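One letter stands for each residue in the lines below.
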Amino acid sequence: MISPLDRKLLRDIGKMKGQVVAVSLVMACGLAMMIMTRSLILTLESTRETYYQKYAMADIFATLKRAPLSVGEQIAALPGVATVETRVAVEVTLDLPGLAEPATGHIISLPEDGGPQKLNRVFLRTGRFPRSDERREVVLGESFALANNLTTGDSLVAVINGRRETLKICGIGLSPEYVFEARVGETLPNHKRFSVIWMNYRALAVAYNLDGAFNDICVDLAPGAKPEPVIESMDRLLNQYGAGGAFLRKEQPSAQRLDDELRVLHSLAVAYPLVFLSVAAFMVNAVLARIVRLQREQIAQMKALGYSAWQVGGHYLKFVVVIGILGTIIGGIAGRFMGGGLVNMYTLFFRFPSLVFIMDYSALGLALVISLGASTLGVLTVVWQAVKLPPAEAMRPEPPADFKPSLFERIGLTRFFSPVARMALRNIERRPWQAVFTCCGLALATGLMVLPGAMSDSIDYLLTFQWNSQQRQDVAVFLTEPGSGRGFHDLEHLPGVIHAEPIRSVRARLKFGARHRKLSVTGISPDANLNRLLDGTGHPMALPKDGLVMSAKLAEVIGAHIGDEVQIEVLEGKRPVLNVPIRGLVTDFAGVAAYMDISSLRRMMKEGDTINGAYLSLDHNRWDEFMRELKDTPQAAVVMVKRDQLNAFRETTGQSIGIIRKLYFVLATIVAFGVVYNSARIALSERSRELATLRVVGFSLGEVRGVLVGELAILVLAALPAGLLFGRGLALFIMSSFSTETVRLPIIITSSTYSIAVLVVLTASVLSFGLVGRMVGKLDMVGVLKARD
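For the structure given in this document, a descriptive report is provided here. (Residues numbered from 1 in each chain as written. Predicted model: local features only at pLDDT ≥ 70, side-chain atom pairs only at ≥ 80, totals over all residues. Heavy atoms only, no water.)

### Some words on the environment of V184
Turning to step 1, where the next piece is worked out: By the secondary structure assignment, V184 is in the loop between β8 (163-174) and β9 (194-199).
Turning to step 2, where the next piece is worked out: Given a relative accessible area of 71%, V184 falls into the exposed group.
Turning to step 3, where the next piece is worked out: Through-space distance from the C-alpha of V184 to that of R689 is 72 Å; in sequence the pair is 505 residues apart. (Helix = DSSP H or I, 4+ residues; strand = E, 2+ residues; numbered from the N terminus. Buried < 20%, exposed > 50% of the residue type's maximum accessible area, 1.4 Å probe, protein only.)

Structure, rendered in structure tokens:
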């Protein structure tokens, strides 16, 4: 049976349903974001773990030049090793009829005995594995097959160790090792021009003189085994075979990229919802404070009828419970809907056998607890007022406010103001804390509008910086093996080449203190103009003749600064170990890199004019001729076309951030309107008696509306500067959470973004003022003027 207090609660909520809905929607926006992100985290993590476990994702990886299969048996005998899989892995050029540019294939051998894979097993979407006696049958990566409309039974041409071979597709598959498919050195997938391919061991090994040998190895650890001793033992065994150093799963490019994405989601699951819930707490405080002030007599009557002070306080706390439950229900439904739509966005980056949205129902309970907690914190002082209010005092009307001249009037700033404007200023000054809370809510709503625009500004800047200012080459070509100066001569004399700049890169481990990172140290010409090194202001940096220049992000990761010496442990050739000073930090937004003068790098390696590749600027009128010649160049292993990389960015990162930006914009708009509308309704409810009195004494309807709207307009205008400042801080914080070693966003906020934020808040204000202004015209002047005592 419903108690009298609960019936009163339902009546009160019915009378103020508009404000309850407004507060609940704002709260629901924050909870929807939290539920959506937590559910996406659960979806990606559970799908990843299931995929890794079912298809035996390896724990340790290593690549090398050439080692006999017997070395794999030695590694299998190491303490802590459960399973070993030796393979041959090579980069090849793919020639597709409808594709002018050469694509890249990463071919991995299937087990030498023809049996099933032990580690990193292939999931077959369609077709079958190659027959043991077939030399040219392959399983093709699903992403590449879909992007190029290839299916089982089709063929494609690959340049395998200098010979053009026609490969027949017998299956379409994917592997846990390549959830994120991208070429070495690229941080974005380009499914149309890169594929992982699986092929019989003997067919691949014979082509590269690796029969009875391997150049790639994967290891699975025994339960409870520590990886460090295993890696040290593997490095000792493999160093003589040209190994680049074993590394853990978390350092494997695909797994690292997925970990980075989850790290971003974990940040967003806390930061953004917190702002929405803070706004909701301000709004709940304002609503409940208004109720307590208007129900002084009712509080006295409840206490006089025998209800304890705590029963009265609990009654008003139930308002919070209703709003919290309503916000959680709306937020849960919205979070489920948004998450189900956004999960498809991740198929642009990550490829699983199946990626189905999983609702994190524990997040609903957490959302309810957080919403009730935030709202309760916001109204504790108000409820305490109701609890402590003595019945005798509550039976009297609230003491009239002090209508003395405002501070602005006393110092003479309002002599030219109209009476309506002076009344608005007095009303603000007589309740300063209410004005402060209202301004805080409006400022938070304004700040939320800055983030979507900042994301758009950052993408626009990145497109210009990355692909116009920094990367000015048309094509980057990398060779199968380091070559002499003749190799560079051949590249710069390909048809259509206008300008060429050499590249020499070596795999190395950079150490500073206890921190280290494996990467390629790239040697370029001091006067390089195709792939330029830029500082934080976007200006070109001069490459010093000695020392190292590295990404600012890399320096942050290893904790180094300009002037510090880092140890470079080269992982190829004679493996020199040198201490080199950091001479400068470059700004980049994809991956991390380290650069040296190419001559200094060659001296460090004690070699001549060796190169790995070149940056090329082309005559676009001879583009097709250049690409045809490049396809027939067996030494060219990887070809990166800047235009393709730009398109890949737009189709993946640009599109996904665009979706998130639109979502944030919609949520921020809801909050802006909800905050302004709630403030206007509260002001009308509290001032209805005064406004009706003004009508009775002769003020026109327009003047009466001006008193109410003028007060709110002053608060809105006062909140805008603080809101824009808060929005900048929020954008810096949220976008910094996107900053990982693989992908980063520049933090750019243009004046147009601030203008749009102000325009949206002002538009929401005008609409709210219009709705409340119509209510002023419908005031019952006789009813509101009846004495309440």
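Picking up after the structure, the text goes on.
### What about empty space enclosed by the protein?
Turning to step 1, where the next piece is worked out: In the structure shown here, the tally under the stated rule is three cavities of 30 Å³ or more.
Turning to step 2, where the next piece is worked out: Its volume calculated, the largest cavity comes out at about 380 Å³.
Turning to step 3, where the next piece is worked out: E261, V264, I657, I660 and F738 are, among the 25 residues lining the largest cavity, the residues nearest its centre.
Turning to step 4, where the next piece is worked out: Elements with a minimum of two residues in the lining of the largest cavity: α2 (17-54), α7 (253-294) and α19 (642-696).
Turning to step 5, where the next piece is worked out: Partitioned by chemical class, the residues of the lining of the largest cavity number 18 nonpolar, four polar and three charged.
Turning to step 6, where the next piece is worked out: By volume, the second largest cavity amounts to about 40 Å³.
Turning to step 7, where the next piece is worked out: As for the second largest cavity, its lining consists of M16, V284, V287, L288, I291, F319, V320 and I323.
Turning to step 8, where the next piece is worked out: Of all the elements in the fold, those that place two or more residues in the lining of the second largest cavity are α7 and α9 (309-342). (1 Å grid on protein atoms, 1.4 Å probe; cavity = no way out; pocket = protein on both sides within 12 Å on 5 of 7 lines; lining within 4 Å. Points joined across faces, edges and corners; volume = space filled by probe spheres on them. Nonpolar A, V, L, I, M, F, W, Y, C, P; charged D, E, K, R; others polar.)

### Some remarks on the nonpolar core
Turning to step 1, where the next piece is worked out: Counting residues in hydrophobic clusters, the biggest one holds 138 residues, and the most contacted among them are Y272, Y316 and V671.
Turning to step 2, where the next piece is worked out: Considering every element that reaches this core, the biggest residue donor is α7, with 20 residues.
Turning to step 3, where the next piece is worked out: Grouped together as the second largest cluster of nonpolar side chains are 27 residues, A103, L140, I160 and L204 included. (Core = buried A, V, L, I, M, F, W, Y, C linked by side-chain atoms within 4.5 Å.)

### Quick notes on the packing of aromatic side chains
Turning to step 1, where the next piece is worked out: Scanning the entire structure with this criterion turns up eight aromatic pairs.
Turning to step 2, where the next piece is worked out: With 6.0 Å between their ring centres and 65° between their planes, Y51 and F352 make a pair best called edge-to-face. Pair noted here: Y51 is in helix α2 and F352 is in the loop between α9 and α10 (362-388), with a separation of 301 residues, a long-range link. Here Y51 matches F352 in class, with each residue buried.
Turning to step 3, where the next piece is worked out: Look at F673 and Y677: their rings are 6.0 Å apart centre to centre, the planes differ by 10°, and that puts the pair in the stacked class. Linking F673 with Y677, this pair stays in helix α19, spanning four residues, or about one helical turn.
Turning to step 4, where the next piece is worked out: These aromatic residues form a ring-pair network of at least three members: Y51, Y55, F123 and F352.
Turning to step 5, where the next piece is worked out: R643 extends its terminal NZ or CZ atom over the ring of W623, reaching a point 4.6 Å from the ring centre. (Phe/Tyr/Trp six-rings, centres within 6.5 Å; stacked < 30°, edge-to-face > 60°. Lys NZ or Arg CZ within 6 Å of the ring centre and 35° of its normal.)

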